[in-house]
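Single-letter residue listing:
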Amino acid sequence: TLRLALLNDLAYYWHTRNLDKAIAFTQKGLASAAKLKNVRWQGKLQITQGAILLRMEKLDSAFVVLQQAKGKVLKKDMPLLITQLGYVMERRGLLSQAADYALESLKLGEQLKDKGAIALAYSDLSNLFWKQSKFKKGLEYGLKSEEVFKQRGLKDLNYSFTLYVIGNNYFAVKDYEKALDYYQKALTMSRQYGFYNNLSDIYIALIDLYTATKDYPKAEKAAVNSIRYAT
């Protein structure tokens, strides 16, 4: 079980940094789970596999794998699974369905008293409202998410992304000072823990912010950094 947990953690760690490594760890984990006939860990590894397939833009395959995992994992594993299904809908442009999954994950997180699941659901709703140009709602849910992440006391990939999403909402309402503050917070956390995918997104957002404030040298520097972390 410890080996399976480590392989799953390594796969998830690498899925935003190196997809080849992430796939290799996932395949090792799935093979070990099958050999041990450990159904729950097979399902947990399939959730991670779904996240990797999402990064590869293989949305149909991700959806199938996540559906297969449903009957294998425990209730406490479900918020992450439901969240990944929501991301499939988001990538397909089905924002209303993505919001339904986020709300389902939020409800389950509240039942389980899982602060990580609650914070992530709020974050996802904030991002979806931003995409729908509902920036007041986006800020409301983003700040709720930040507060729960603070209570949880763990700096992770999702916390960093939440700070970036809050920045996006502030930028959309032209509060450039607060937007920059949140982008900088997200940058600091992402640099500290090596969240490369987040770093690329944050620097892309900074290009727009510095362009809007006519600080073109900083916009150019942000563009160089965005390419650096995207490749």
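Residues numbered from 1 in each chain as written. Predicted model: local features only at pLDDT ≥ 70, side-chain atom pairs only at ≥ 80, totals over all residues. Heavy atoms only, no water.

1. A short note on the layout of surface pockets
Looking at the largest pocket, its volume works out to about 740 Å³. Along the walls of the largest pocket sit 29 residues, with Tyr-12, Leu-80, Arg-152, Asp-156 and Asn-158 positioned nearest its centre. Listing elements by their share of the lining of the largest pocket, those giving two or more residues are α1 (2-14), α3 (39-55), α5 (78-91), α7 (115-131), α8 (135-152) and α9 (157-172). With four residues, the top contributor of residues to the lining of the largest pocket is α1. Space inside the second largest pocket adds up to approximately 540 Å³. Forming the walls of the second largest pocket are 24 residues, and the residues nearest its centre are Arg-55, Tyr-87, Arg-91, Phe-161 and Asn-197. Among the elements of the structure, α3, α5, α7, α9 and α11 (196-212) are those that each provide at least two residues to the lining of the second largest pocket. Taken together, the residues that form the lining of the second largest pocket break down as 10 nonpolar, eight polar and six charged. (1 Å grid on protein atoms, 1.4 Å probe; cavity = no way out; pocket = protein on both sides within 12 Å on 5 of 7 lines; lining within 4 Å. Points joined across faces, edges and corners; volume = space filled by probe spheres on them. Helix = DSSP H or I, 4+ residues; strand = E, 2+ residues; numbered from the N terminus. Nonpolar A, V, L, I, M, F, W, Y, C, P; charged D, E, K, R; others polar.)

2. Here we look at α9
Because an α-helix packs 3.6 residues into every turn, residues spaced three or four apart end up facing the same way. For α9, spanning 16 residues, the distance from its first C-alpha to its last is 23 Å, which sits close to the expected 22 Å at 1.5 Å a residue. By the criterion of burial, α9 is predominantly enclosed, with 12 of the 16 residues buried. Here α9 has its buried residues at Leu-157, Tyr-159, Ser-160, Thr-162, Leu-163, Tyr-164, Val-165, Ile-166, Gly-167, Asn-168, Asn-169 and Tyr-170. The backbone nitrogen of Asn-158 has a side-chain oxygen 3.2 Å away, supplied by the residue at the start of α9, namely Asp-156. (Expected span 1.5 Å × (residues − 1). Buried < 20%, exposed > 50% of the residue type's maximum accessible area, 1.4 Å probe, protein only. Polar contact = N/O pair within 3.5 Å; in protein donor to acceptor, adjacent residues only side chain to side chain.)

3. Observations concerning the packing of aromatic side chains
Enumeration according to the criterion identifies 11 aromatic pairs in this entry. Measuring from centroid to centroid gives 5.2 Å for Tyr-13 and Trp-14, while their planes differ by 90 degrees, and the two rings are edge-to-face. You can call Tyr-13 partly exposed: its relative accessible area is 39%. Residues Tyr-193 and Phe-195 carry aromatic rings whose centres are separated by 5.9 Å and whose planes lie at 20 degrees to one another, so their mutual orientation is stacked. Overall, Tyr-193 belongs to the partly exposed group, its relative accessible area being 35%. Phe-195 gets classed as buried once you look at its relative accessible area, which sits at 8%. Taken together, Tyr-122, Phe-129 and Tyr-141 form an aromatic cluster joined through their ring pairs. A cation sits over an aromatic face here: Lys-44 above Trp-41, 4.8 Å from the ring centre. (Phe/Tyr/Trp six-rings, centres within 6.5 Å; stacked < 30°, edge-to-face > 60°. Lys NZ or Arg CZ within 6 Å of the ring centre and 35° of its normal.)

4. Quick word on the packing of helix α2 (residues 19-36) against α3
Packing of α2 against α3 leaves a shortest axis separation of 9 Å and a crossing angle of 160 degrees. Here α3 runs roughly antiparallel to α2, going by the angle between their axes. Handedness of the crossing formed by α2 with α3: left-handed. Seen from α2, the contacting residues are Leu-19, Ala-22, Ile-23, Thr-26, Gly-29, Leu-30 and Ala-33; seen from α3, they are Trp-41, Gln-42, Leu-45, Gln-46, Thr-48, Gln-49, Ile-52 and Arg-55. Across the contact of α2 with α3, the residue classes break down as eight nonpolar, six polar and one charged. (Axes fitted to C-alpha atoms, helices over the stretch in contact; angles between N-to-C directions. Parallel < 35°, antiparallel > 145°, perpendicular 65-115°, else oblique. Left-handed = near helix turned anticlockwise from the far one by under 90°. Contact = heavy atoms within 4.5 Å.)

So far we have only geometry, and geometry alone does not tell us how the molecule works.
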